[in-house]
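Residue strings, one per chain:
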Amino acid sequence: MKKIFLGVVCLTLVFSLSIVVINSSKNNKIDTIEKTIYPISVDFDSVQKNYRQGVLAYNYKDKAKHVGFMDNVFVGKVESLVGTSYTDVSIKDDMVYGTSWTNYKVTVLKNIKGNLKENATIPIRKWAGLNFDNTLLTIDEYDIMPKEGYIYIFCAFVDEDGELYISCNESNILLGKDCENEILEAFSDSKTIDNNSYIYQILNEYKEAEAKHDNSVDNGSKRYTPKQEYILVVAE
């Protein structure tokens, strides 16, 4: 009986050690995935879409509320599509699951709300992106993915590490491509720009929204400041 008992104990120990080794290996893989930015090899328009339908905290069509809800609103040019990163990763049956984020490098052209360094290129993440095998894009309904070389109005939040991210409908509003001069004129006192142009009209709407922004939508949520190297002066 003692030999049988000892044999059972040994088998139990081996089984327990196997579980520990497997769990340790899985945890190491998850840690590696969450620290990696993966290159994007497909066009966003060409893959299947998984559209989210979230519960909105406010009417984002009300620009005063929309701008008031944001930490930073600025005009920026997408310099590069860096890749996809994942948070809240889990592995089941060799399949990887997680929340996807698309990472960009964006040059700040003009601030509408906030004091980011203009003409500086900074990282920004979008809460939308491809799954682990690049076959499915998860994105909010009616939202669009920024593309390299194009200019957008970015409506961004700041996380506790001081990094900027975008995560809701109309978080990146397309202005166009190769329209830097028209944008600069829209922010100046110049009268050479056509006041009926799309760029002038949409920028004016967002500038007016910031002038009367409605902070009541803040709901007491914690606000953070962008990293010091991203801003013109240290925000008070």
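Everything here concerns the structure above.
The sections below set out a description of the structure shown in this document. (Residues numbered from 1 in each chain as written. Predicted model: local features only at pLDDT ≥ 70, side-chain atom pairs only at ≥ 80, totals over all residues. Heavy atoms only, no water.)

1. Thoughts on the overall build of the protein
The following threshold applies: Numbering of helices and strands runs from the N terminus; a helix is a DSSP stretch of H or I covering at least four residues, while a strand is a stretch of E covering at least two. Here the term buried applies to any residue with accessible area under 20% of the maximum for its type, exposed to any over 50%, and partly exposed to those in between, with areas from a 1.4 Å probe on protein chains only. Pairs of residues are marked as contacts when any of their non-hydrogen atoms sit within 4.5 Å. To measure how exposed things are, a 1.4 Å probe is used in the Shrake-Rupley method; for residues, cover is taken only from the protein chains shown.
For the protein, the helix and strand inventory stands at 4 helices and 9 strands. Ordering the α and β elements of the protein from the N terminus gives α-β-α-β-β-β-β-β-β-β-β-α-α. Within the protein, the fraction of its 236 residues that count as buried is 40%. Partitioning the intrachain contacts of the protein with sequence separation of at least 6 by distance along the chain shows that 70% fall at a separation of at least 24. Taken as a whole, the protein presents about 13,700 Å² of accessible surface, with 53% of it coming from carbon and sulfur.

2. Things to note about helix 4 (residues 198-211)
Short version of the rule: For a helix, the expected span equals 1.5 Å multiplied by the residue count minus one. What the arc describes is the spread of directions from the helix axis to the C-beta atoms.
Taking 1.5 Å as the rise per residue, helix 4 with 14 residues should run 20 Å; its terminal C-alpha atoms sit 20 Å apart, in good agreement. Taken as a whole, helix 4 has its buried residues at Ile-199, Ile-202, Leu-203, Tyr-206, Ala-209 and Glu-210. An end-on view of helix 4 places all buried positions within 120° of arc, on one side of the element. Looking at the packing, one finds that the buried side of helix 4 touches helix 2 (63-69), strand 2 (72-92), strand 3 (95-113), strand 7 (150-158), strand 9 (172-177) and helix 3 (180-187).

3. Quick look at the environment of Val-67
In this fold, Val-67 is placed in helix 2. Each C-alpha atom of the pair Val-67 and Glu-208 lies 9.9 Å from the other, and the pair is 141 residues apart in sequence. With residues near it in sequence (within four places) discarded, Val-67 still touches Val-73, Lys-113, Tyr-206, Ala-209, Glu-210 and His-213.

4. With respect to the pattern of salt bridges
This is how it is decided: Between Lys or Arg on one side and Asp or Glu on the other, a salt bridge is scored when a side-chain nitrogen of the former is within 4 Å of a carboxyl oxygen of the latter.
Across all of its chains, the model carries 11 salt bridges by this definition. Lys-147 is the salt-bridge partner of Asp-45, the closest N and O atoms lying 2.6 Å from each other. Here Asp-45, found in the loop between helix 1 (2-34) and strand 1 (48-52), pairs with Lys-147, found in the loop between strand 6 (136-140) and strand 7; they are 102 residues apart in sequence, far enough to count as distant. Its relative accessible area of 51% is what places Asp-45 among the exposed residues. Classification of Lys-147 by relative accessible area gives partly exposed; the value is 33%. Of the charged contacts, one joins Asp-143 and Lys-126 as a salt bridge, the two residues approaching to 2.7 Å between their closest N and O atoms. Within this pair, whereas Asp-143 is found in the loop between strand 6 and strand 7, its partner Lys-126 is found in strand 4 (residues 121-126), the two being separated by 17 residues in sequence.

Functional significance is not addressed by these values, which are geometric in nature.
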